[in-house]
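As a plain string of letters, each chain reads:
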Amino acid sequence: MNSEQEHAGTELDAQLAQLPQWQPPADFAARLAAAAARQAAEPVTATPPSTSALVWEGFVEYLPLALGVGVLALVLALLPWTQWAAAPVFPWAVAGAGLAGGLALTLRLLRVP
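These numbers come from a predicted model, not from an experiment.

## Remarks on the overall build of the protein chain
The number of helices and strands found in the protein chain is five helices and zero strands. Written out in order from the N terminus, the α and β elements of the protein chain read α-α-α-α-α. In terms of overall dimensions, the protein chain is more spread out than a globule: its C-alpha atoms have a radius of gyration of 33 Å, far above the 13 Å expected for 113 residues. Dimensions of the protein chain, computed from C-alpha atoms along their principal axes, come out at roughly 90 × 50 × 25 Å. By residue count, 0% of the 113 residues in the protein chain fall in the buried class. A total of about 10,400 Å² of accessible surface is found on the protein chain, and carbon and sulfur atoms cover 71% of it.

This is the structure we're talking about:
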């Protein structure tokens, strides 16, 4: 394995030796110093994100949550509540939903840095 790597390294060195040598322009040092002086005078900073970008980011982040709440509201509005309230499983369903919601919120809070 080492001999293969050494062989590949020597091939690469041979190919690199065939390339022409880079010759910097005569005024390269002056241009480099001028560029460094410009950057020191006015450092490059990232532009802050625009308001529309922040709104779009929030929209994309909370869209699944909003859709889920909308579907849940629609399902809850269509349920026959008089029959469900009389069923013996109803308190268990409410307790299970509360437990699932509490668990989901706890996990979300634990993921927040």
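## A few points about the pattern of salt bridges
Summed over the entire model, instances satisfying the criterion amount to one salt bridge. As a salt-bridge pair, Arg-31 and Asp-27 come within 3.4 Å of each other at their nearest N and O atoms. Classification of Arg-31 by relative accessible area gives partly exposed; the value is 47%. When its relative accessible area of 39% is taken as the criterion, Asp-27 is described as partly exposed.

## Let's talk about the packing of aromatic side chains
The relative placement of two aromatic rings is captured by the distance of their centres and the angle of their planes. Per the stated rule, a full pass over the model turns up two aromatic pairs. With a centroid separation of 5.6 Å and an interplanar angle of 85°, the aromatic rings of Trp-22 and Phe-28 are classed as edge-to-face. The exposed category is assigned to Trp-22, whose relative accessible area is 60%. Aromatic pair Trp-56 and Phe-59: ring centres 5.5 Å apart, planes at 35°, arrangement tilted.

## Let's talk about the confidence of the model for the protein chain
Averaged over the protein chain, the pLDDT score is 86; the fraction of residues at 70 or greater is 97%. Confidence scores differ between elements of the protein chain, with helix α4 (residues 81-86) showing the lowest mean pLDDT of 79 and helix α2 (residues 28-41) the highest of 91.

Each value, and the rule that gives it
- Residues numbered from 1 in each chain as written.
- Predicted model: local features only at pLDDT ≥ 70, side-chain atom pairs only at ≥ 80, totals over all residues.
- Heavy atoms only, no water.
- Helix = DSSP H or I, 4+ residues; strand = E, 2+ residues; numbered from the N terminus.
- Rg over C-alpha atoms; globule rule 2.2 N^0.38 Å.
- Buried < 20%, exposed > 50% of the residue type's maximum accessible area, 1.4 Å probe, protein only.
- Areas by Shrake-Rupley, 256 points an atom, 1.4 Å probe, with all protein chains shown as cover.
- Salt bridge = Lys/Arg side-chain N within 4 Å of Asp/Glu carboxyl O.
- Phe/Tyr/Trp six-rings, centres within 6.5 Å; stacked < 30°, edge-to-face > 60°.
- pLDDT = per-residue confidence, 0-100.

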